[in-house]
Number of protein chains: 2
Amino acid sequence: MDRIPILRVKDTLLVTIQAEIQDRQALALQEDLAGEIVKHRARGVIIDISALEIVDSFIGRMLANLAAVSRVLNVHTVVVGMRPAVAMTMVELGLTLHGVKTALDMDRGLALLDVLAAAKEG
Amino acid sequence: MDRIPILRVKDTLLVTIQAEIQDRQALALQEDLAGEIVKHRARGVIIDISALEIVDSFIGRMLANLAAVSRVLNVHTVVVGMRPAVAMTMVELGLTLHGVKTALDMDRGLALLDVLAAAKEG
């Protein structure tokens, strides 16, 4: 089983979801992410899904779980790079990514994390 | 065939190599990277290989080709995240990643691109 790598760019962690993900990979990713957040005292997490052609309920739940794990550690998660077709399919499927923040691209995701971090400190 | 996504963080492009790559994926990545460099007027390219457990001659050639494509467009490429075991295997195999710059992690890779860009302008 290949683990999904977690990159660190300054104080932000970056996860790129590329291929279809299996149950065990999703679980391992949660574990790894929690570990990396604590290890690097990360400020925020960005999850890029630009490679995904579909977000079904499994992926949706995985994203929600990743955000929940981060939230418990007081770290914000932003999902970026959602394709227009993916957004439309999610609405059709009735998926709402409850509790998950999104942004159009990395730059906006990083900016959103800045705002959220400032609000937390303020 | 899944395409390998290319992320943009400000003026730098970021490619994460995750699974084993096939010939056609490597070719598609070259095409996509050249397109994205021109489209976003990128300053540099960072290729993360922290997920790779081995870099054989095929991967080595692919990295060299990606760097060559970028170089033709006057853009620098830095490979980051190489595992210690990968470095040792590469030396054993006699692979040198000729023409490819490396850095330990994203932060150092970005710093290296800064230096290279400054040298180009200076």
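Thresholds, definitions, all that
- Residues numbered from 1 in each chain as written.
- Chains lettered and ligands numbered in written order.
- Predicted model: local features only at pLDDT ≥ 70, side-chain atom pairs only at ≥ 80, totals over all residues.
- Heavy atoms only, no water.
- Helix = DSSP H or I, 4+ residues; strand = E, 2+ residues; numbered from the N terminus.
- Rg over C-alpha atoms; globule rule 2.2 N^0.38 Å.
- Contact = heavy atoms within 4.5 Å.
- Areas by Shrake-Rupley, 256 points an atom, 1.4 Å probe, with all protein chains shown as cover.
- Lys, Arg positive; Asp, Glu negative; His and termini not counted.
- Charge placed at Lys NZ, Arg CZ, Asp CG, Glu CD.
- Core = buried A, V, L, I, M, F, W, Y, C linked by side-chain atoms within 4.5 Å.
- Buried < 20%, exposed > 50% of the residue type's maximum accessible area, 1.4 Å probe, protein only.
- Buried area = accessible area lost by both parts, 1.4 Å probe.
- Salt bridge = Lys/Arg side-chain N within 4 Å of Asp/Glu carboxyl O.
- Polar contact = N/O pair within 3.5 Å; in protein donor to acceptor, adjacent residues only side chain to side chain.
- 1 Å grid on protein atoms, 1.4 Å probe; cavity = no way out; pocket = protein on both sides within 12 Å on 5 of 7 lines; lining within 4 Å.
- Points joined across faces, edges and corners; volume = space filled by probe spheres on them.
- Nonpolar A, V, L, I, M, F, W, Y, C, P; charged D, E, K, R; others polar.
- Pairing = 2+ DSSP bridges.
- Axes fitted to C-alpha atoms, helices over the stretch in contact; angles between N-to-C directions.
- pLDDT = per-residue confidence, 0-100.

### Structural notes on the overall build of chain A
- Scanning chain A from terminus to terminus reveals four helices and five strands.
- When the helices and strands of chain A are placed in sequence order, the string is β-β-α-β-α-β-α-β-α.
- For chain A, whose C-alpha radius of gyration is 14 Å, the value lies close to the compact-globule estimate of 14 Å for 122 residues.
- Reported as C-alpha extents along the three principal axes, the dimensions of chain A are approximately 40 × 30 × 20 Å.
- Residue pairs in contact within chain A that sit at least 24 positions apart in sequence constitute 75% of those at least 6 positions apart.
- Accessible surface computed for chain A: about 6400 Å², of which carbon and sulfur atoms make up 55%.
- One way to put it: in chain A the 13 positive side-chain charges average out to a point 7 Å from where the 15 negative ones average out.

### A word on the nonpolar core
- The biggest cluster of nonpolar side chains holds 28 residues, and the ones touching the most others in it are Val 15, Ile 17, Leu 33, Ile 47, Ile 49 and Leu 63 of chain B.
- For this core, the secondary-structure elements that each account for two or more residues are strand S2 (12-16), helix H1 (23-40), strand S3 (44-48), helix H2 (57-72) and helix H3 (84-93) of chain B.
- Excluding residues within four positions of it along the chain, Ile 17 of chain B makes contact with Leu 29, Ile 47, Asp 48, Ile 49, Ala 51, Leu 52 and Met 62 of chain B.
- Leu 29, Leu 33, Ala 67 and Val 86 of chain A belong to the second-largest nonpolar core, a separate cluster that totals 27 residues.

### With respect to the interface of chain A and chain B
- Listed per partner, the contact involves 19 residues of chain A and 19 residues of chain B.
- Counting each side, the surface lost to burial between chain A and chain B is near 1600 Å², with a carbon and sulfur contribution of 55%.
- On the surface where chain A and chain B come into contact, there are four salt bridges.
- The shortest N-O distance in the salt bridge between Asp 107 of chain A and Arg 8 of chain B comes to 2.9 Å.
- Our count for the chain A to chain B interface comes out at six residue pairs in polar contact (both at pLDDT 80 or more).
- Those elements giving two or more residues to the side of chain A that touches chain B turn out to be strand S1 (6-9), strand S2 (12-16) and helix H4 (106-121) of chain A.

### Focus on empty space enclosed by the protein
- The tally for this structure, following the rule as stated, stands at one cavity of 30 Å³ or more.
- Computed from the structure, the largest cavity encloses a volume of approximately 40 Å³.
- Lining the largest cavity are Val 9, Thr 12, Leu 13, Leu 14, Ile 46, Met 106 and Leu 110 of chain A together with Val 9 of chain B.
- Looking at the lining of the largest cavity, the elements that each hand over two or more residues are S2 and H4 of chain A.
- No other element matches the three residues that S2 of chain A contributes to the lining of the largest cavity.
- In the lining of the largest cavity, the residues fall into seven nonpolar, one polar and no charged.

### Some remarks on the environment of Ala 67 of chain A
Residues and elements named next belong to chain A.
- Tracing the backbone through its elements, the reader meets Ala 67 in helix H2 (residues 57-72).
- Linking Ala 67 and Glu 36, residues 31 residues apart in sequence, is a C-alpha distance of 14 Å.
- Every residue in contact with Ala 67, bar those within four places of it in the chain, is listed here: Thr 77, Gly 99 and Val 100.

### Concerning the sheet that holds strand S1 (residues 6-9) of chain B
All names here are of chain B.
- Ordered by their spatial adjacency, five strands build an open sheet running S1-S2-S3-S4-S5, and the pairing between neighbours is mixed. If you trace the sheet from one side to the other, it starts and ends with S1 and strand S5 (101-103), each paired once. With direction set aside, neighbouring strand axes in the sheet form an average angle of 30°.
- Bridging between S1 and S2 involves four bridges; their strand directions are antiparallel. Looking across to S2, one finds that Arg 8 is bridged to Leu 13.

### A word on the confidence of the model for chain A
- For chain A, per-residue confidence averages 90 on the pLDDT scale, and residues scoring 70 or more make up 99% of the total.
- Interface scoring of the predicted complex returns ipTM 0.71; its pTM is 0.82.

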